[in-house]
Amino acid sequence: MSTPALKIYNTLTRTKEAFRPLDPANVRMYVCGPTVYDFAHIGNARPLIVFDVLYRLLRRLYGPEHVKYVRNITDVDDKINARAAERGVTIRELTEETNRVFQEDVKALGCLPPDVQPRATEHIAQMIAIIEKLIATGHAYAADGHVLFDVPSMPAYGRLSRRSLDEMIAGARVDVAPYKRGDMDFVLWKPSKESEPGWDSPWGRGRPGWHIECSAMSWAHLGETFDIHGGGIDLVFPHHENEIAQSCCAFGQPVMANYWMHNGFLQVEGEKMSKSLGNFVTIHELLHTEKFGGRKWPGEVLRLAMLRTHYRQPIDWTVKALEEAEDELASFADLLGGDTPCEAPPPDFVSALADDLNTPNALTVLRSYAKQAKGDDAEARIALKSCLSMLGLSLDVFTKAAQEDGISPETKLFIANAVTARLAARAAKNWSESDRIRDELAAMGVALKDNKDGTTTWEVKR
Ligand code: AMP
Ligand code: ZN
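About the cut-offs
- Residues numbered from 1 in each chain as written.
- Chains lettered and ligands numbered in written order.
- Predicted model: local features only at pLDDT ≥ 70, side-chain atom pairs only at ≥ 80, totals over all residues.
- Heavy atoms only, no water.
- Donors = N, O, S within 2.8 Å, 3.2 Å for Na, K, Ca; no water.
- Tetrahedral: all angles 85-135°; square planar, octahedral: opposite > 155°, others 65-115°.
- Helix = DSSP H or I, 4+ residues; strand = E, 2+ residues; numbered from the N terminus.
- Buried < 20%, exposed > 50% of the residue type's maximum accessible area, 1.4 Å probe, protein only.
- Axes fitted to C-alpha atoms, helices over the stretch in contact; angles between N-to-C directions.
- Parallel < 35°, antiparallel > 145°, perpendicular 65-115°, else oblique.
- Contact = heavy atoms within 4.5 Å.
- Nonpolar A, V, L, I, M, F, W, Y, C, P; charged D, E, K, R; others polar.
- Pairing = 2+ DSSP bridges.
- Domains from an automatic or database assignment.
- Buried area = accessible area lost by both parts, 1.4 Å probe.
- Salt bridge = Lys/Arg side-chain N within 4 Å of Asp/Glu carboxyl O.
- Core = buried A, V, L, I, M, F, W, Y, C linked by side-chain atoms within 4.5 Å.
- Expected span 1.5 Å × (residues − 1).
- Polar contact = N/O pair within 3.5 Å; in protein donor to acceptor, adjacent residues only side chain to side chain.

A.B. asks: Give a detailed account of the coordination of the zinc ion (ligand 2), specifying residues and quantitative values.
C.D. replies: Around the zinc ion (ligand 2), the protein contributes the donor atoms Cys32 (SG), Cys214 (SG), His239 (NE2) and Glu243 (OE), at 2.1 to 2.2 Å from the metal centre. Every donor counted, the four donor atoms about the zinc ion (ligand 2) form angles of 78 to 128 degrees at the centre, which fits irregular coordination. Read in sequence order, the donor residues for the zinc ion (ligand 2) give the motif C-x181-C-x24-H-x3-E. You can see Cys214 sitting in helix 6 (residues 210-222) and its partner His239 sitting in helix 7 (residues 236-251), a full 25 residues away along the chain. His239 matches Cys214 in its accessibility class, with the two residues each being buried.

What follows is the structure, given as structure tokens:
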């Protein structure tokens with residue numbers, strides 16, 4: 001197998017660089033995962049899909065058993081506490097349910113599961129260990145039940161985001177707290193009230209800050225220094241800057257990861273996605289409801305629509321772009337019989353991807369095979385199928401079109417559980433909860449019918 005050289009745009013150096021893993025035979029990659037308090041929105045799908053394509057490419061270039069991809073699950077966070085209290089459920093119930101839907105969403109988007117999906121709550125010991133190292137080396141201090149990172153103790157702070165400390169202080173909405181020595185110092189550990197989740201620590205019962213979670217989980221699964229760290233562009237500052245500060249100072253290493261990759265932002269129909277603008281859409285809604293463009297969209301359509309734009313460019317999420325992606329997928333499906341074999345993708349296609357994950361150029365190569373395949377060229381058909389498969393596009397939804405009722409077994413299970421929970425709420429005369437569940441199902445296009453015999457049946461409105 002000839003191996004095209006991989007080049008990656010590195011946010012640290014603001015240049016496209018030749019990729020050289022620390023261990024030439026094994027690649028280690030960490031991507032910041034979701035905070036599981038609510039459905040993931042379509043902007044969150046971008047890093048999931050982008051880094052999945054990179055994962056597939058790395059597996060192709062280095063061999064599947066030589067790539068370790070870690071994407072965490074943040075299951076301790078103040079947003080989680082607030083949401084659980086609001087909904088009257090336990091934190092564990094909320095994070096379990098949100099994570100379950102998240103896993104279903106990413107699967108529908110055609111993403112491979114990462115090698116490890118560590119949970120923050122299972123890495124508290126490592127967080128405490130890092131914080132202790134930071135205190136011992138003079139990079140952190142305990143004050144008032146809190147532990148803070150002492151930003152001025154790290155001269156290289158601001159290297160990733162290229163900001164000076166003075167600029168950061170001037171630009172930030174600095175959260176002034178009496179226990180802080182410096183304006184930019186950030187929280188590593190904070191005290192928990194009785195009602196809040198907490199763990200015993202040398203500084204009393206408390207919980208971690210967000211940034212320390214990623215330093216601990218990447219350390220636990222990839223070591224003190226690794227190759228690639230990814231996430232959306234909004235994470236550069238402060239999250240990634242703070243991860244670097246924590247890990248480099250705790251382990252005495254000059255770098256945390258050698259290559260920092262960031263996807264550009266997604267906006268919807270030309271505007272920033274926001275709840276107040278009414279254009280906020282979750283992956284779940286796109287897949288299972290008629291909220292966007294009045295219809296449901298198969299995961300592969302969402303995936304192709306995402307990959308038509310280079311990952312560092314902003315992307316405009318429009319109904320028109322989804323329709324175009326769907327037409328294009330259908331045209332590929334027409335060219336391929338179910339029996340077209342899948343082989344190693346052609347080198348010109350892999351080279352395009354290896355050039356900083358240039359999916360638009362890779363799709364141009366793929367389209368040239370589709371064009372040849374129209375002339376009944378069997379080799380071109382195999383090449384087309386192999387390129388699609390490398391991008392995680394199986395065309396399953398087109399080849400299995402009109403299959404059954406089109407509802408996934410996971411979704412059926414979700415509906416069945418919701419119906420049972422609603423019956424229980426009604427039995428307890430908890431009408432607001434029963435209405436909430438009915439409305440939630442209605443938003444998914446599921447209509448409930450309460451029968452005279454006390455049972456409830458459901459149907460999906462088309
Ligand atoms: P969050 O839950 O906000 O931490 O986001 C999870 C991931 O999604 C992070 O990598 C974010 O950078 C990324 N992200 C959030 N919003 C968008 C957006 N509108 N477009 C692209 N990426 C986003
Ligand atoms: Zn992170």
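A.B. asks: Describe the packing of helix 1 (residues 42-62) against helix 9 (residues 299-307), with residues and values.
C.D. replies: Interhelical geometry of helix 1 versus helix 9 gives an angle of 80 degrees and a closest axis separation of 10 Å. What the angle tells us is that helix 1 and helix 9 run roughly perpendicular. Counting all contacts with helix 1, which are made through Ile42, Ala45, Arg46, Ile49, Asp52, Val53 and Arg56, the residues of helix 9 involved are Arg303, Met306 and Leu307. In the contact of helix 1 with helix 9, the residues fall into six nonpolar, no polar and four charged.

A.B. asks: Which residues make up the sheet that holds strand 6 (residues 146-149), and what are the values?
C.D. replies: Taken together, the four strands give an open sheet; going across it, the order is 5-6-7-8, and neighbouring strands pair in antiparallel fashion. The open sheet is flanked by strand 5 (140-143) and strand 8 (206-208), the only strands paired with a single partner. For this sheet the average axis-to-axis angle between neighbouring strands, irrespective of direction, equals 20 degrees. In terms of strand pairing, strand 5 meets strand 6 through four bridges, oriented antiparallel. Bridge pairing in strand 6 links Ala142 to Val147.

A.B. asks: Let's hear about the domain arrangement of the protein chain: which residues, and what values?
C.D. replies: Domain annotation for the protein chain reports domain 1 (7-263), domain 2 (266-404) and domain 3 (409-460). For domain 2 and domain 3, the distance between their C-alpha centres works out to 34 Å. Carbon and sulfur atoms make up 50% of the surface buried where domain 2 meets domain 3, a total of about 370 Å² over both sides. The three residues of domain 2 that bury the most area against domain 3 are His284, His288 and Thr289, which together make up 72% of that side's buried surface. Where domain 2 packs against domain 3, one counts zero salt bridges.

A.B. asks: Give me the pattern of salt bridges: which residues, what numbers.
C.D. replies: Across all of its chains, the model carries 29 salt bridges by this definition. A salt bridge links Asp52 to Arg56; the nearest nitrogen and oxygen atoms lie 2.9 Å apart. Linking Asp52 with Arg56, this pair stays in helix 1, spanning four residues, or about one helical turn. Here Asp52 matches Arg56 in class, with each residue buried. A salt bridge links Asp376 to Arg381; the nearest nitrogen and oxygen atoms lie 3.1 Å apart. One network of salt bridges, in which partners are shared, links Asp78, Lys190, Lys193, Glu196 and Arg207.

A.B. asks: Before we move on, could you go through the nonpolar core and cite the residues and values that matter?
C.D. replies: Counting 78 residues, the largest nonpolar core has Ile228 and Trp317 as its most contacted members. Per-element tally for this core: the top contributor is helix 1, with twelve residues. Those residues in contact with Trp317, other than ones at most four positions away along the chain, are Ile42, Leu266, Gln267, Val268, Glu269, Leu286, Phe292, Leu302, Ala305, Met306 and Leu322. Counting residues in hydrophobic clusters, the runner-up holds 44 residues, among them Leu134, Phe149, Val151 and Ala245.

A.B. asks: An account of the environment of Ala220 is needed here, citing residue identities and associated values.
C.D. replies: Examined against the element boundaries, Ala220 turns out to sit in helix 6. The partly exposed category is assigned to Ala220, whose relative accessible area is 35%. Remark: the alpha-carbon pair of Ala220 and Met127, spanning 93 residues in sequence, is separated by 9.8 Å. When sequence neighbours within four positions are dropped, the list of residues in contact with Ala220 reads His123 and Gln126.

A.B. asks: Run through helix 13 (residues 378-390), naming residues and quoting values.
C.D. replies: Between its first and last C-alpha atoms helix 13 spans 19 Å; for 13 residues at 1.5 Å apiece the expected length is 18 Å, and the two agree. Where helix 13 is concerned, the buried positions are Ala380, Ile382, Ala383, Leu384, Ser386, Cys387, Leu388 and Met390. Check the buried side of helix 13 and you find it contacts helix 1, helix 10 (319-335), helix 11 (347-354) and helix 12 (359-374). One side-chain oxygen at the N-terminal end of helix 13 lies 3.0 Å from the backbone nitrogen of Glu379; it belongs to Asp377.

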